[in-house]
Amino acid sequence: METPVSLHPYLDSGLPKGSTSFSGGTLVCDCKDRPVKVRVNSGIAHNHACGCTKCWKPAGATFSIVAVTPHENVTVLENGDKLHIVDPTALIRRHACQECGVHMYGPVEREHAFQGLDFIHPERFEETGWPEPTFAAFVSSIIEAGVDPSKMNSVRNHLRQIGLEPYDCLSPELMDYIATWTAKKSGVLAQ
Ligand SMILES: N[C@@H](CCC(=O)N[C@@H](CS)C(=O)NCC(=O)O)C(=O)O
Ligand SMILES: [Zn+2]
Ligand SMILES: [Zn+2]
């Protein structure tokens, strides 16, 4: 049998169920010395696996685990001097620890359907109980990171088997949300 592609340490062993009543916590980077700590004072939404090349993932993982939370509830608690913006021109302004590389929070500041939200990686919470991912996005993008295209069937089957429907962009729900925002902005739909 061909070697299966590892999705992510949290996903390979089945999907740990979280709670929708999770109300926030502290995100911590990987540094032993002076770790960056970021407080999230609210719940998280739209948690999903992302196969794109831009989202942070732990060593060996093919997918990241990423969710959003309102920017107003995100504060840097400790060692913020270690943060830098990975790509200041990107929609998501990913703030990463320059020493260990972990992305701590990524605000969307531009005029966009996601404006006001920060992208965060719930696996970096010190606390457990965050709601589990519910779908897989940008699945075809894992090829851009070097996954053999012939393994895509087995990757998509594995994702479905653990309850994560694979999409090659975002979920239909989020794509409809973005398109509705765009149609309202252009005046095609009433505000
Ligand atoms: N195929 C591209 C897709 C990148 C992409 O569009 N990522 C999505 C999901 S995170 C996005 O919204 N990116 C906005 C950004 O990176 O600012 C890749 O893998 O690099
Ligand atoms: Zn670090
Ligand atoms: Zn991504």
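Look above for the structure.
Source: prediction; values computed, not measured.

**Student:** Quick question: what am I supposed to make of the environment of K151 here?
**Tutor:** When you line up the elements, K151 lands in the loop between β10 (135-137) and α2 (152-161). Residue class for K151 comes out buried when judged on its relative accessible area of 19%. Remark: the alpha-carbon pair of K151 and V5, spanning 146 residues in sequence, is separated by 7.6 Å. Excluding residues that lie within four positions of it along the chain, K151 makes contacts with E2, T3 and V5. One polar contact links the side chain of K151 to the main-chain carbonyl oxygen of T3, over a distance of 3.1 Å.

**Student:** Where do I start with the coordination of the zinc ion (ligand 2) in this structure?
**Tutor:** Ideal coordination angles are 109.5 degrees for a metal with four donors arranged tetrahedrally and 90 or 180 degrees for a metal with six donors arranged octahedrally. Every protein donor of the zinc ion (ligand 2) is listed here as C29 (SG), C31 (SG), C97 (SG) and C100 (SG), and their distances to the metal cover 2.3 to 2.4 Å. Considering all 4 donor atoms around the zinc ion (ligand 2), the spread of angles at the metal, 105 to 120°, places the coordination shape in the tetrahedral class.

**Student:** I tried to follow the pattern of salt bridges on my own but got confused; where do I start?
**Tutor:** Enumeration over the complete set of coordinates arrives at 8 salt bridges. Between R34 and D81 there is a salt bridge whose closest N-O contact spans 3.1 Å. Taken together, the positions of R34 in the loop between β1 (25-28) and β2 (37-40) and D81 in the loop between β5 (74-78) and β6 (83-85) put the pair 47 residues apart, joining distant regions of the chain. Among the residues examined, R34 registers a relative accessible area of 37% and is labelled partly exposed.

Analysis parameters
Residues numbered from 1 in each chain as written. Chains lettered and ligands numbered in written order. Predicted model: local features only at pLDDT ≥ 70, side-chain atom pairs only at ≥ 80, totals over all residues. Heavy atoms only, no water. Helix = DSSP H or I, 4+ residues; strand = E, 2+ residues; numbered from the N terminus. Buried < 20%, exposed > 50% of the residue type's maximum accessible area, 1.4 Å probe, protein only. Contact = heavy atoms within 4.5 Å. Polar contact = N/O pair within 3.5 Å; in protein donor to acceptor, adjacent residues only side chain to side chain. Donors = N, O, S within 2.8 Å, 3.2 Å for Na, K, Ca; no water. Tetrahedral: all angles 85-135°; square planar, octahedral: opposite > 155°, others 65-115°. Salt bridge = Lys/Arg side-chain N within 4 Å of Asp/Glu carboxyl O.

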